[in-house]
Amino acid sequence: MSRQSLVSLLCWAPLLLSCGDGGPDGDWVAVGSGPVLLYSHPKVTICPGSAERAGRLTREIADALSVDVPTRLDYFYVPYDPELGSEELRRHCRQPELAIRGCAIYWENRVFASDVLNSHELTHVVANRGLRRVHPLTSEGLAVYFGSLPMVAPLEPFEPSRLLDVEPNEHNAAGVLIGSLLDRFGAARVMEFHRNASMDMTEADFRKLFQRTFGESLEVSTQRLFEAGYQPGVSFPECHGFGPPSPIRRGVPFNRHAQCDEAGVGTADDPKTSELVEVEPGSFRVSVRGGGNANLFSCDSGEFLVSRRHGKGDFSSFGRILDGKYRLETSRGAVSLEFERAALLQKCEPTEPADTSIVPKSHVALQLPRRGPVAVPLRFEEERRLAVSTDSPWKLCDEKCSCELVALDARSVEPGSLYWLLLEDETSVGGWIDLQ
Ligand SMILES: [Zn+2]
């Protein structure tokens with residue numbers, strides 16, 4: 001059977017396929033009509049939406065990088081086996097020691113992965129098309145930026161030379177750097193750099209190429225990244241490719257049953273729903289009930305916020321959920337999520353009538369009202385330095401009620417933003433604040 005007719009057959013119907021010339025060992029069944037064909041072993045059934053979703057993501061990643069969409073990408077799903085572990089997955093990968101959840105043999109447009117939607121490996125195929133000896137910094141950086149969650153901004157300046165030999169634990173740093181280069185210079189420039197870089201280059205040549213492409217040294221780029229407090233932002237595909245978000249309202253249970261449907265990804269054994277939700281303004285705790293799993297990923301920070309595994313009793317989230325968009329993923333059965341007003345937020349509700357809100361224009365000392373607990377809203381018209389002249393443990397909180405202790409050291413406040421001065425200690429008296 002010629003390659004061409006095999007492809008068109010796959011486009012029409014799932015097919016039992018024994019891969020010959022250069023294909024992976026074993027029998028595989030394919031679903032999908034391109035660009036992604038999703039293969040699994042015959043006993044594993046894949047939800048029909050999975051191949052389509054992978055295809056959509058592939059197009060979106062290609063779009064964001066201004067490159068062509070591969071006409072065909074073979075994605076082999078090799079689930080983790082409780083007895084054999086990742087043994088089979090590793091057998092298909094060129095660097096088995098690095099294949100933890102998957103690998104991409106990008107020059108053959110192939111992905112092997114232990115989940116049905118591995119955007120990191122998809123990115124490798126899309127970004128590395130036509131290349132052979134890609135540099136690990138750009139290759140892994142792009143894959144992390146577009147495909148791994150969550151990226152974490154570096155907490156301290158990092159040695160650029162550390163990035164040049166990108167080991168798995170440095171992938172995150174590479175992703176953050178590539179993310180900042182994409183933001184600052186655009187996809188065309190970053191892709192030009194990626195195409196011209198090669199794993200065979202000496203470090204000196206790589207640095208020269210960096211300087212030539214971006215007009216600054218690798219040192220300056222990494223230093224700037226840290227100084228600017230770069231936040232990696234949305235890790236691309238996690239919140240893309242969905243319809244409009246479903247609204248989530250406080251106190252109203254949000255029920256989902258994971259199943260195989262057009263929107264779902266997963267396998268028959270582990271069906272999933274994955275959708276975009278939008279939490280109404282406010283700040284919430286989320287409780288999860290039911291037997292399924294629930295994961296929430298913030299579309300603003302990429303943060304992974306709540307996780308609950310395999311029906312181990314009801315569960316309330318750690319931390320707060322702020323308003324905004326999230327990707328909600330549920331799997332293995334029914335889940336009910338309920339969003340309640342977070343106790344922490346209640347601290348940032350005025351304990352005095354709203355006239356305690358102040359809008360000072362010049363130097364002013366303002367007497368704070370009384371013993372705690374007190375929450376005083378403050379809004380400033382101009383940038384100010386603010387100090388609290390008392391030993392009481394006053395906290396200054398931002399709009400989201402994220403608080404820091406303030407005392408005599410003045411702190412800057414932004415004009416136009418809402419702040420709260422918070423005294424939670426009932427035995428402490430009010431003090432006065434000094435605005436300069
Ligand atoms: Zn990778």
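Reading the values: rules and limits
Residues numbered from 1 in each chain as written. Predicted model: local features only at pLDDT ≥ 70, side-chain atom pairs only at ≥ 80, totals over all residues. Core = buried A, V, L, I, M, F, W, Y, C linked by C-beta atoms within 7 Å. Buried ≥ 20, exposed ≤ 12 C-beta atoms within 10 Å, placed from the backbone. Helix = DSSP H or I, 4+ residues; strand = E, 2+ residues; numbered from the N terminus. Contact = placed C-beta atoms within 7 Å. pLDDT = per-residue confidence, 0-100. Pairing = 2+ DSSP bridges. Axes fitted to C-alpha atoms, helices over the stretch in contact; angles between N-to-C directions. Parallel < 35°, antiparallel > 145°, perpendicular 65-115°, else oblique. Nonpolar A, V, L, I, M, F, W, Y, C, P; charged D, E, K, R; others polar.

*Asks:* Looking at this structure, I do not really get the nonpolar core. What am I missing?
*Replies:* In globular proteins that are soluble, nonpolar side chains generally tend to be buried together. Ranked by size, the top nonpolar core spans 54 residues in total, and within it Leu38, Tyr75, Tyr77 and Val111 carry the most contacts. Here this core takes seven residues from helix α7 (residues 171-185), the largest share from any one element. Excluding residues within four positions of it along the chain, valine 111 makes contact with Leu73, Tyr75, Phe76, Gly102, Ala104, Asn118, Glu121, Leu122 and Val125. Counting 17 residues, the second largest nonpolar core, distinct from the first, contains Ala294, Phe297, Ile321 and Leu328.

*Asks:* How should I be thinking about the confidence of the model for the chain in this particular structure?
*Replies:* Interpretation of this model should avoid reading the predicted coordinates in detail wherever pLDDT is low. Averaged over all residues, the pLDDT of the chain equals 77, while 72% of them reach at least 70. Predicted confidence is poor over residues 1-21, with pLDDT under 50, and the contacts of this stretch with residues over four places away or in other chains come to 23 contacts.

*Asks:* Please clarify how the sheet that holds strand β19 (residues 403-405) should be interpreted in this entry.
*Replies:* One key point about sheets: their strands pair by backbone hydrogen bonds, in either a parallel or an antiparallel sense. Taking strand neighbours across the sheet as the criterion, the four strands line up as β16-β21-β18-β19 in an open arrangement whose pairing is antiparallel. Edge positions in the sheet fall to β16 (374-379) and β19, since each has one partner strand and no second. Direction aside, the axes of adjacent strands within the sheet are offset by 25 degrees on average. Where strand β18 (residues 394-397) lies against β19, three bridges are found, and the strand directions are antiparallel. Among the inter-strand pairings, leucine 396 is bridged to a residue of β19, identified as glutamate 404.

*Asks:* It is not clear to me how the environment of cysteine 47 should be interpreted in this structure. Could you clarify?
*Replies:* Note that cysteine 47 resides in the loop between β3 (36-40) and α2 (49-64). Given 26 C-beta atoms within 10 Å, cysteine 47 falls into the buried group. Taking the C-alpha atoms as reference points, cysteine 47 and glycine 266, separated by 219 residues in sequence, lie 5.6 Å from one another.

*Asks:* Teacher, can you tell me more about unusual backbone geometry here?
*Replies:* Looking along the chain, the bond that leaves glycine 34 and enters proline 35 is cis, with omega of 5 degrees. In this structure, proline 35 sits in the loop between β2 (27-31) and β3. A positive phi angle, close to 55 degrees, is found at serine 66, a residue other than glycine. Along the chain, the position of serine 66 falls in the loop between α2 and β4 (73-77). One non-glycine residue, asparagine 109, lies in the positive phi region at around 55 degrees. Within the secondary structure, asparagine 109 is located in the loop between β5 (102-105) and β6 (110-113).

*Asks:* What should I look at first to understand the environment of cysteine 299 in this one?
*Replies:* Mapped onto the secondary structure, cysteine 299 falls in the loop between β10 (293-298) and β11 (304-308). Through-space distance from the C-alpha of cysteine 299 to that of glutamate 278 is 9.8 Å; in sequence the pair is 21 residues apart.

*Asks:* What am I meant to see in the packing of helix α5 (residues 136-147) against α7 here?
*Replies:* Packed helices, taken two at a time, are described by the angle between their axes plus the distance between the axes. Close contact between α5 and α7 brings their axes to 7 Å; oriented N to C, the two are set at 80 degrees. Comparing the axis directions of α5 and α7 gives the class roughly perpendicular. Across from Leu137, Thr138, Glu140, Gly141, Leu142, Val144 and Tyr145 in α5, the residues of α7 making contact are His171, Asn172, Ala174, Gly175, Leu177, Ile178, Gly179 and Leu182. For the contact of α5 with α7, the residue count by class is eight nonpolar, six polar and one charged.

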